[in-house]
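# Survey of secondary and tertiary structure
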Amino acid sequence: MRNEEGFSKRIFLTEAEHETYKRRPPVRYIKHKKDTVCRVCGLPAEDANQLENAHVIGFLQGVLYLGLTPDFLDRKENIKTAHRIKCNAKVQLSLEEAAASLAQYPRDATYQ
């Protein structure tokens, strides 16, 4: 049974939610299936360099510094498959880049 409670597709946390998560950050659960090749270099997984899902706007960065909901951060558009070594770090935006990408949204914005 799916829990219908949550963030109602809000992009931003309320002030109270944000204060709570700053004290105790949420746990991330990426439920999206990994691609068969890296979205950065286009190569498949290697024994010593497996593929993993990575957040474009980093999960903790998004929650703690940008006040974003975990659901917004875990949506498919914010997840890219990348090699654990080297490629993963190339996926994530800097804090400044992430903030700039969100500037267009009002505090009460929702996503599809």
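Everything below is about the structure shown above.
Residues numbered from 1 in each chain as written. Predicted model: local features only at pLDDT ≥ 70, side-chain atom pairs only at ≥ 80, totals over all residues. Heavy atoms only, no water.

A few words on the nonpolar core. By size, the foremost hydrophobic cluster in this structure holds 15 residues, and its most contacted members are Ile-11, Ile-57, Leu-66, Leu-68, Phe-72, Leu-73 and Leu-102. Mapped by element, the contributors of at least two residues to this core are α2 (59-65), α3 (70-73) and α5 (95-102). Those residues in contact with Leu-73 that sit more than four places away from it in its chain are His-55, Ile-57, Gly-58, Phe-59, Gly-62, Val-63, Leu-68, Asn-78 and Ile-79. Ranked by size, the runner-up nonpolar core spans seven residues in total, among them Leu-51, Val-56, Cys-87 and Val-91. (Core = buried A, V, L, I, M, F, W, Y, C linked by side-chain atoms within 4.5 Å. Buried < 20%, exposed > 50% of the residue type's maximum accessible area, 1.4 Å probe, protein only. Helix = DSSP H or I, 4+ residues; strand = E, 2+ residues; numbered from the N terminus. Contact = heavy atoms within 4.5 Å.)

What follows is about the packing of aromatic side chains. This structure, assessed with the given rule, holds one aromatic pair. Residue placement shows Arg-75 over the ring face of Phe-72; its charged tip is 3.9 Å from the ring centre. (Phe/Tyr/Trp six-rings, centres within 6.5 Å; stacked < 30°, edge-to-face > 60°. Lys NZ or Arg CZ within 6 Å of the ring centre and 35° of its normal.)

A few words now on the pattern of salt bridges. Under the definition given, this model contains five salt bridges. Two residues, Glu-17 and Arg-10, come together in a salt bridge whose shortest N-O distance is 2.9 Å. For Glu-17, a relative accessible area of 22% gives the class partly exposed. Between Arg-75 and Glu-77 there is a salt bridge, with the nearest N and O atoms lying 3.7 Å from each other. In this structure Arg-75 comes out as partly exposed when scored by relative accessible area, which is 21%. Residue Glu-77 is classed as exposed on the basis of its relative accessible area, which comes to 53%. (Salt bridge = Lys/Arg side-chain N within 4 Å of Asp/Glu carboxyl O.)

Bringing unusual backbone geometry into the picture now. Of note, the phi angle at Ser-8 is positive, near 50 degrees, even though the residue is not glycine. Within the fold, Ser-8 resides in the segment before α1 (15-23). One non-glycine residue, Lys-86, lies in positive phi territory at about 75 degrees. If you trace the backbone, Lys-86 turns up in the loop between β2 (79-83) and α4 (87-91).

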